[in-house]
Amino acid sequence: MTFKRLPEGGMIDRNVKLSARLDGVRVHGFGGDTFASALLAANKIVLGRSFKYHRPRGLIAAGAEEPNALLTIGKKGTQIPNLPATQIELADGLKAKTQNAWPSKHFDFGAINQTFAAFIGAGFYYKTFKSPGRKAWMFYEKFIRRAAGLGKTSTAKSTLRHDTANSFCDVLVVGSGPAGLSAALTAAQAGANVILAEQDFILGGSTLSSAYAAQAEWRKAALEALQGNSNIRLLTNATVKGIYDGDLAVVAVGDDTHSIRARTIIFATGATERPMLFDGNDRPGVMLASALQTYANRFAIVPASRLIIATNNDSAYDSAIDLASKGVEVFLVDERSVISGHALDRAAVAGIAVITGSTIKATHGAPVLDSVTITGKTNLTLPCDALGMSGGWSPTLHLTAHQGSKPVWQEAIAAHVPGALVPSHFAAGACNGTFGINAALREGDAKAQAALVLLGIKGMPAPTTLPVLKPDHIYAIIASKPTTQSREAFVDFQGDVTAKDVKQALDEGYSNPEHLKRYTTLGMGTDQGKTSNANALAMVEGPAMTTFRPPYTPFLIGQIAGRSVGPHFRPTRLSPLHDWHRINGATFIEAGLRKRAWFYAWAGATVEEAYRKEMEVVRHAVGLSDVSSLGKIDVQGKDALEFLNRLYVNNLESLSVGRVRYGAMLNDDGLLFDDGTVARIAPTQFYVTTTTANAGDVMSWMEFLLQTQWRDLSVHVTSVTDEFGAMALSGPKAREVLAQVFLNEDVSNTGLAHMAVKQFKLQDVQVRVLRMSFSGELGYELHCPAAYTQALWERVLKAGEPQGIKPYGLEALAALRIEKGHIASPEMDKRVSLDDVGLGKMASNKKSYVGEVLRHRAELQSPQRPRLVGLELMEPDKKLRGGAILFAADDKVTGHGRGHVTSVTWSTDLNMIIGLGFFQGDMIVENREIVAVFPLKNETVRLRLVSPHFIDRGGTRLHA
Amino acid sequence: MLDARSPLGRAAFDADGISLREAPDFTLTLYAGSAISLRREVGEMPDFGHSLQANRNTFFRNGPNQVLVLGPVIETRNCAATALSSGRARIEVTGPKAPVLLGAVAAVDFSPAAFGVNAFAQTAIHHTPVLIHALPGGVYHIYGLRSFAQNLWDWLVDAAAGLR
């Protein structure tokens, strides 16, 4: 089998000479070539090995449907596998390698699989790897994974850049063949804002494959008209991957991704020619007839001397005639006995020998095609350079079905066409089953007109004068079912699914197309069955079709991620004090999206060293910590008190202006949702703080309740989390520092009592001072507008220098609250009740609140429910870990135990490791010895159950 | 007066056809209340998506019963007023490629026909909420949350580098 480049013709630019490499071997081509056409011109016929049997494979197609010629381009950070050579625009210096073959595509050890072909048919995996026991798969998996897949991605970090863009249009036209160009012209000339997306690197669709000057001239004129129209954007290398709700089309444009929101979409995606089934239909040199036509007309590449085309329809005659006109000796093998005289006349004029009532029995040659055996009315074996197949055409329905439209069978063309489309979608041309160029032109125009009516665009174009182009043949096809059941006749080239596999699956009862697909892996490769589905499903009883899902062609993960990579993987959230922390030696830790100051260099180089020193400062002097991440919500309105009273379990009726109350709220399932504080700023204004973790959820919950449940309440809630920076001033010397900051204010124990709130002015800046403590020491929270937070922070630190004030980080903040027994996110995992954490008495029994009824359900009142406990480590040389499972000392260590550890820290007061956790309620006895087991590290430690309040149970320090 | 710090330290960035700079020092207040109270005490309510300029204030209706006001604080007795000036960062985008940059980062149609002068959109950039406002002269203001300001800025600068 040999191909040759004709000395002239085609749409290539012979003045632009390009050089690329495949597996290190240089390949020459011209501007306008694809990698596939350059390889074909260079007689590189074997381009890889098949998936399962490692059979030599070559080009079949010339477009996106190519199942075999998959290449890997680039290396390391730019490596991209599984690209069809037919979709790679040839570029100077491009390097590619073939896939799925070792050591080479010409000699591949994997080909030994062909010896066992009889044993590894459909369902082989399912039948074989399930035994001998339940764990068998664990053994087989690593071997199968090693053998599976086609190309391989690089483990190197990608250096490709993938940008994203959003576009909007009145009409999105997908495809630039006759129907697409016609639709785009009509819509754009009427004044609609149009985007035309074409997956090829040049516009024209099927007209690029035509030898007829009239089509080329019309295309040229149409493109000139479009390029001169400011209403339209023409996108090449633009593959629409999927259509989503709201008519969102996700389009890969080169390396980038565009999200196009279109008011209407016109699908003009053409059709794909079907292969035919016969023994050796996968042999390199066997191609689609239309692909041979494209290579001849667009790229000036033809078989060296003799071509045989097998067909069951008229369209192959066009391919045959085009190739014959270029000096190729062509034989047409038509399985039909009755053929239109017109087709036969044209073939005769072109000097083509037509063999009717016959088909291909088998192909021969190793590894590439050298001859073909014909069977039927005529039986003979003919040597040849190439074999074309034309089993009819399948409209490219993929995108039309993404919004749920079910394809319907159209007997006249023996193919599925789009079913009822959503109102803003239209299909035109071959993808709608409308074959013939003039019919496509007119349908493209008509569908654009329909879209304009839907859009209400009045500025209709001048009466459209559509040309009558030649040739225009509405092809005839016989709706035949494949009869072969051979192991050598491939239905799905990429998945190595044969006619025998399909027959076997049907015999085993997998007659539903969706079952058949999964059992045989039919159409599950990167080509998504573009050439295989029609033939396989024709073997199923009645018209059948599987479900089309995005993407239409493979999508790079990088194109999905866009620029959300590296430091942009997710948003980061910074405190208004972030710069201060950075400059002053803070080490940061990620807490959700936030970067928080974990510990400071003044206290140590490691967190273990630093947080203990920071705790010491708070317990014995005074510390300052950034708590800006707390959720903060401004609640205003005449019903604000009523609203909060319904939301919180506490009775807030008695909360007077200037006072703060610690409170908790439940989900409507009666479980603990969040805790925080409510400060009454004015009779109708409250300042609510939430935990950092639940800030967004609490805000949403409030909005939900106000907008859906309690619409009668006049309340307005606004998140002011970002408006206010906040800092916690804690320690026995905190009041002294506060007094130095607010020289003219009364911050005494009576002037600013525990759980009081006051608004102080500091150089015209309002500062909310809330006296409360998370650490267990005398404490204040200072909240001020974020713009002034750093200035206030620095002022407090300056003022506190005589008292030895130091900043302390998140680790110390958490450690201090564990000592005090305050719950935080680790204890509030949405599975615990108010009573579980010992806050049941806080709930009012004089009013109703969200979650009240379900809080009292029997399950939540069970004495066996795990309750909050304090834990002391009895073995100081061992480690206690959060998440460890708790058991009674004499329990058999198995299962989920009687509770778990939630928080662990070093206690500066007790000089030991302590923790909080939950333990089965009816087993809690103070000082009881239990064990904590951490199976991941095979650790067991002895603990003592104690009160969760390790320090200052009477609250003396708080009220100091 | 304590020193105020802008979220981005008055950052600026220039590239081919695009300029970004922080535009700090603004007063932003959210007013909420009944439609009658808002009209009577705050001002005329503009349509959603279009700002209204009145006296020294710019009004953005961003909810059924609320309006965001840029400019001097308006005294009100029956509406809830919440100061948001410190909680927002403002980034000014100018240059011929400004709409292209915005289109790269936000799912909004920024064509002049769809997003003319005074148009505004509440949308998201890199998962964070923003309000984008079109001003005369091809100037756009992006209001983002202060805590996400650096993230927003970095995202915009990165996107600008990707414009072709």
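Residues numbered from 1 in each chain as written. Chains lettered and ligands numbered in written order. Predicted model: local features only at pLDDT ≥ 70, side-chain atom pairs only at ≥ 80, totals over all residues. Heavy atoms only, no water.

Trainee: So what about the pairing of strand β2 (residues 18–22) of chain B? Which residues, and what values?
Mentor: Residue and element names in this part refer to chain B. Only one face of β2 is covered, namely the one carrying I18, L20 and E22; the face carrying S19 and R21 has none of its residues buried. Relative to β2, strand β1 (residues 12–15) is paired through four bridges, and the arrangement is antiparallel. When the sheet's bridge partners are listed, A12 is paired in β2 with R21. Hairpin connection of β1 to β2: two residues between the antiparallel strands, including G17 at a positive phi of 80 degrees. Strand direction decides the pairing type here: β2 and strand β8 (residues 88–94), joined by four bridges, are antiparallel. Bridge pairing links S19 to T94 in β8. (Buried < 20%, exposed > 50% of the residue type's maximum accessible area, 1.4 Å probe, protein only. Helix = DSSP H or I, 4+ residues; strand = E, 2+ residues; numbered from the N terminus. Pairing = 2+ DSSP bridges.)

Trainee: Got a sec to walk through unusual backbone geometry? Specific residues and values, please.
Mentor: Residue and element names in this part refer to chain A. With an omega dihedral of -5 degrees, the bond running from A366 to P367 counts as a cis peptide bond. Mapping P367 onto the fold places it in the loop between β21 (358–364) and β22 (371–376). Residue H54 is not a glycine yet carries a positive backbone phi of 55 degrees. Residue position: H54 is located in the loop between β4 (48–49) and β5 (56–57). Assessed through its relative accessible area of 12%, H54 is described here as buried. One non-glycine residue, Q528, lies in the positive phi region at around 55 degrees. Following the sequence through the fold, Q528 ends up in the loop between α11 (513–520) and α12 (533–538).

Trainee: Could you give an account of the domain arrangement of chain B, naming the residues involved and the relevant values?
Mentor: By a frequent convention, interface size equals the accessible area lost on bringing the separate parts together. Residue and element names in this part refer to chain B. As assigned here, chain B comprises domain 1 (12–25 + 87–161) and domain 2 (28–83). A separation of 23 Å is found between the C-alpha centroids of domain 1 and domain 2. Facing the nine residues of domain 1 at the interface are eleven residues of domain 2. A combined buried area of about 800 Å² lies between domain 1 and domain 2, and 64% of that area is made up of carbon and sulfur atoms. By the criterion of area lost to domain 2, the three top residues of domain 1 are N118, F120 and Y143, representing 52% of everything that side buries. Between domain 1 and domain 2 we count zero salt bridges in total. For the pair domain 1 and domain 2, the number of links is three residue pairs in polar contact (both at pLDDT 80 or more). (Domains from an automatic or database assignment. Contact = heavy atoms within 4.5 Å. Buried area = accessible area lost by both parts, 1.4 Å probe. Salt bridge = Lys/Arg side-chain N within 4 Å of Asp/Glu carboxyl O. Polar contact = N/O pair within 3.5 Å; in protein donor to acceptor, adjacent residues only side chain to side chain.)

Trainee: Requested: an account of a positive patch on the surface, with residues and values cited.
Mentor: Together, K75, K76, K95 and K97 of chain A line one region of the surface with positive charge. Structurally, the position occupied by K76 of chain A is in the loop between β6 (70–73) and β7 (80–84). (Patch = residues over 30% accessible without salt bridge, like charges linked within 9 Å, V, L, I, M, F, W, Y side chains within 5 Å. Areas by Shrake-Rupley, 256 points an atom, 1.4 Å probe, with all protein chains shown as cover. Lys, Arg positive; Asp, Glu negative; His and termini not counted. Charge placed at Lys NZ, Arg CZ, Asp CG, Glu CD.)

Trainee: Give a description of the sheet that holds β21 of chain A that names residues and reports values.
Mentor: Residues and elements named next belong to chain A. Strand order in the open sheet made by the three strands is β21-β22-β23, with antiparallel pairing throughout. At either end of the open sheet lies a strand with only one pairing partner, and these are β21 and β23 (380–383). Strand after strand, the sheet turns through a mean of 30 degrees between neighbouring axes, direction not considered. With four bridges joining them, β22 and β23 adopt antiparallel strand pairing. Bridge pairing in β23 links I374 to L380. (Axes fitted to C-alpha atoms, helices over the stretch in contact; angles between N-to-C directions.)

Trainee: Can you lay out the pattern of salt bridges for me, pointing to particular residues and giving the numbers?
Mentor: When their charged atoms lie close together, side chains carrying opposite charge are able to pair. All names here are of chain A. One pass over the structure, following the stated rule, counts 45 salt bridges over all chains. As a salt-bridge pair, E875 and K878 come within 3.3 Å of each other at their nearest N and O atoms. Under the relative-accessibility criterion, K878 is labelled partly exposed at 36%. Its salt-bridge partner being E926, residue R953 comes within 3.7 Å of it at the nearest N-O pair. One end of the pair, R953, is in the segment after β49 (939–946); the other, E926, is in the loop between β47 (912–920) and β48 (929–934), with 27 residues separating them in the sequence. When salt bridges with common partners are traced through the structure, they connect R55, R57, D282, E488 and D496 into a single cluster.

Trainee: Kindly report on the interface of chain B and chain A, identifying the contributing residues and their values.
Mentor: Contacts between chain B and chain A engage 39 residues on the former and 40 residues on the latter. The interface formed by chain B and chain A includes three salt bridges. Notably, a salt bridge pairs D579 of chain A with R5 of chain B, separated by 3.6 Å at the nearest N-O pair. For the interface between chain B and chain A, the tally reads 22 residue pairs in polar contact (both at pLDDT 80 or more). Elements that contribute at least two residues to the side of chain B that touches chain A include exactly β3 (28–32), β7 (80–83), α2 (98–105) and α3 (149–161) of chain B. The dominant element in the side of chain B that touches chain A, judged by the number of residues it contributes, is α3 of chain B, at seven residues. The residue makeup of the side of chain B that touches chain A, split by class, is 19 nonpolar, 13 polar and seven charged. (Nonpolar A, V, L, I, M, F, W, Y, C, P; charged D, E, K, R; others polar.)

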